[in-house]
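Observations on the model geometry
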Amino acid sequence: MLAYTYLEKGKFELIEKPKPVLLHERDAIVKVTLASICSSDLHIKYGSVPRAVPGITVGHEMVGIVEQVGNKVTHVKPGDRVTVNVETFCGECFFCQKGYVNNCTDENGGWALGCRIDGGQAEYVRVPFADQGLNKIPDGVSDRQALFVGDVLATGYWATRISEIKEEDTVLIIGAGPTGICALLCVMLQKPKRIIMCEKDESRLAFIHEHYPEVLTVIPEKCKDFVLENSDHGGADVVLEVAGVPSTFQLAWQCARPNAIVTIVALYDAPQVLPLPDMYGKNLTFKTGGVDGCDCEKTLQLIAQGKINTEPLITHTYPLSRIAQGYELFENKRDGVIKVAIEC
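The paragraphs below set out a description of the structure included in this document. (Residues numbered from 1 in each chain as written. Predicted model: local features only at pLDDT ≥ 70, side-chain atom pairs only at ≥ 80, totals over all residues. Heavy atoms only, no water.)

Ranked by internal contacts, the top residues of the largest apolar core, which has 86 residues, are Leu134, Ile173, Ile208, Tyr212, Leu240 and Ile342. Every residue in contact with Ile208, bar those within four places of it in the chain, is listed here: Ala176, Ile181, Leu184, Met197, Pro213, Val215 and Thr217. Ranked by size, the runner-up nonpolar core spans 23 residues in total, among them Ile196, Phe249, Leu251 and Met279. (Core = buried A, V, L, I, M, F, W, Y, C linked by side-chain atoms within 4.5 Å. Buried < 20%, exposed > 50% of the residue type's maximum accessible area, 1.4 Å probe, protein only. Contact = heavy atoms within 4.5 Å.)

Put into structure tokens, the structure is as follows:
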């Protein structure tokens, strides 16, 4: 089968690999129908994910059809249309039982697919712990509608949940990339008093204006003053940092009101510094980490009910044979790209 593969730092290539087989009685083999390119794939490409294993097939955001299951898999069967979770988790350890599935203690727990084991930018993928890692797609929900359930939408939903948003809140979201927009969609479900989106890219701002006209927007250079003018208590009640660069990390705490919640969603290429003397007295609560992707069933139902629609994020589609072109476009942010879908 064809599989897009991490060969070495700076180099991905589409190569032939053997079709995966069941290795454990809780595994499933999924025929991938649609995958997508994620910023985390670029982090792997350029060496920002030290645990990524050269030789693995990349890709951790995909949907497909179950082809084969191990004899201990009970929740899905061959022929089922499914989403694939970015997280691999056993469902049984202390952390899984608490819902902290990103910290599953199994050797493949956490982000494994497309990082430490073969992922889904390929014709087939093996999914460990299939009863936890696969969710059936409801009738009437298309592959394109369900594509982001296992990763960026899961991240947006998780980030919103841990941010404890209330109806009287002003919420600032920094970064209007794919994850930022998914966070926006989930924040909107909480019906806060106002939402402000901070973004520097004109095409992404235009996307927000077109699809979510009720959301206020601002560029980073004007963000602090704008938030002060459009909040009730000297800053945002909740800040979600989804951009992932040093300047936005600083902007996040600076725009937060005293006693606010600052949720760090982004993955950074380098360590960030908390200037504690400057922050002293703001009494901020920081929340951060990898997504606990255990709400996929809920988000699929919200999609089926018409309450979440992520399909507009798919701005470009390529066949697997042309995936390198999709990467080039996505990496260089050309042609107003938000997300690239790959037909496998």
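Having seen the model, we can carry on.
Moving on: the pairing of strand 1 (residues 2-8). As defined by bridge partners, strand 1 adjoins strand 2 (residues 11-16) across six bridges and the pair is classed as antiparallel. By the bridge assignment for strand 2, Leu2 is matched with Glu16. The hairpin formed by strand 1 and strand 2 contains two residues between the paired strands, and Gly10 there has a positive phi angle of roughly 85°. (Pairing = 2+ DSSP bridges. Helix = DSSP H or I, 4+ residues; strand = E, 2+ residues; numbered from the N terminus.)

With that settled, the discussion passes to the pattern of salt bridges. Considering all chains together, one arrives at 19 salt bridges under this definition. Lys339 is the partner of Glu61 in a salt bridge, and the nearest nitrogen-oxygen pair spans 2.6 Å. A residue pair is termed long-range when its members are at least 10 positions apart, and Glu61 in the loop between helix 1 (39-45) and strand 4 (62-69) and Lys339 in strand 17 (residues 339-343) qualify at 278 residues. Just as Glu61 is buried, Lys339 falls in that class too. Taking the shortest distance from any N to any O, the salt bridge between Lys77 and Asp80 comes out at 3.0 Å. Assessed through its relative accessible area of 10%, Asp80 is described here as buried. (Salt bridge = Lys/Arg side-chain N within 4 Å of Asp/Glu carboxyl O.)

Let us now look at helix 11 (residues 296-304). Those residues of helix 11 that fall on the buried side of the exposure criterion are Cys296, Thr299, Leu300, Leu302 and Ile303. Projection of helix 11 onto a plane perpendicular to its axis shows the buried side chains occupying an angular sector of 160°, all on one side. Where the residues of helix 11 are buried, they touch strand 5 (81-84), strand 9 (134-136), helix 4 (143-146), helix 5 (152-162) and helix 6 (178-189). A positive backbone phi angle near 80° is found at Gly306, which sits one or two residues after helix 11. (Arc of directions from axis to C-beta.)

Where helix 5 contacts helix 11, the axes come no closer than 10 Å and their chain directions differ by 105°. Considered as vectors, helix 5 and helix 11 are oriented roughly perpendicular to each other. On helix 11, the residues touching Leu153, Ala154 and Tyr157 of helix 5 are Cys296, Lys298, Thr299, Leu302 and Ile303. When the residues that make up the contact of helix 5 with helix 11 are grouped by side-chain class, the tally is six nonpolar, one polar and one charged. (Axes fitted to C-alpha atoms, helices over the stretch in contact; angles between N-to-C directions. Parallel < 35°, antiparallel > 145°, perpendicular 65-115°, else oblique. Nonpolar A, V, L, I, M, F, W, Y, C, P; charged D, E, K, R; others polar.)

Now for the sheet that holds strand 11 (residues 194-198). Sheet architecture is open: six strands sit in the order 12-11-10-13-14-15, paired in parallel fashion. The open sheet has two edge strands with one neighbour each: strand 12 (216-218) and strand 15 (285-288). Here the average twist between neighbouring strands, direction ignored, is 20°. Relative to strand 11, strand 10 (residues 170-174) runs parallel, the two sharing five bridges. Considered in strand 11, the bridge of Val171 is made with Ile195. Lying on the sheet, helix 9 (residues 246-254) is in contact with strand 10, strand 11, strand 13 (236-241), strand 14 (256-264) and strand 15; it crosses strand 14 at an angle near 145°.

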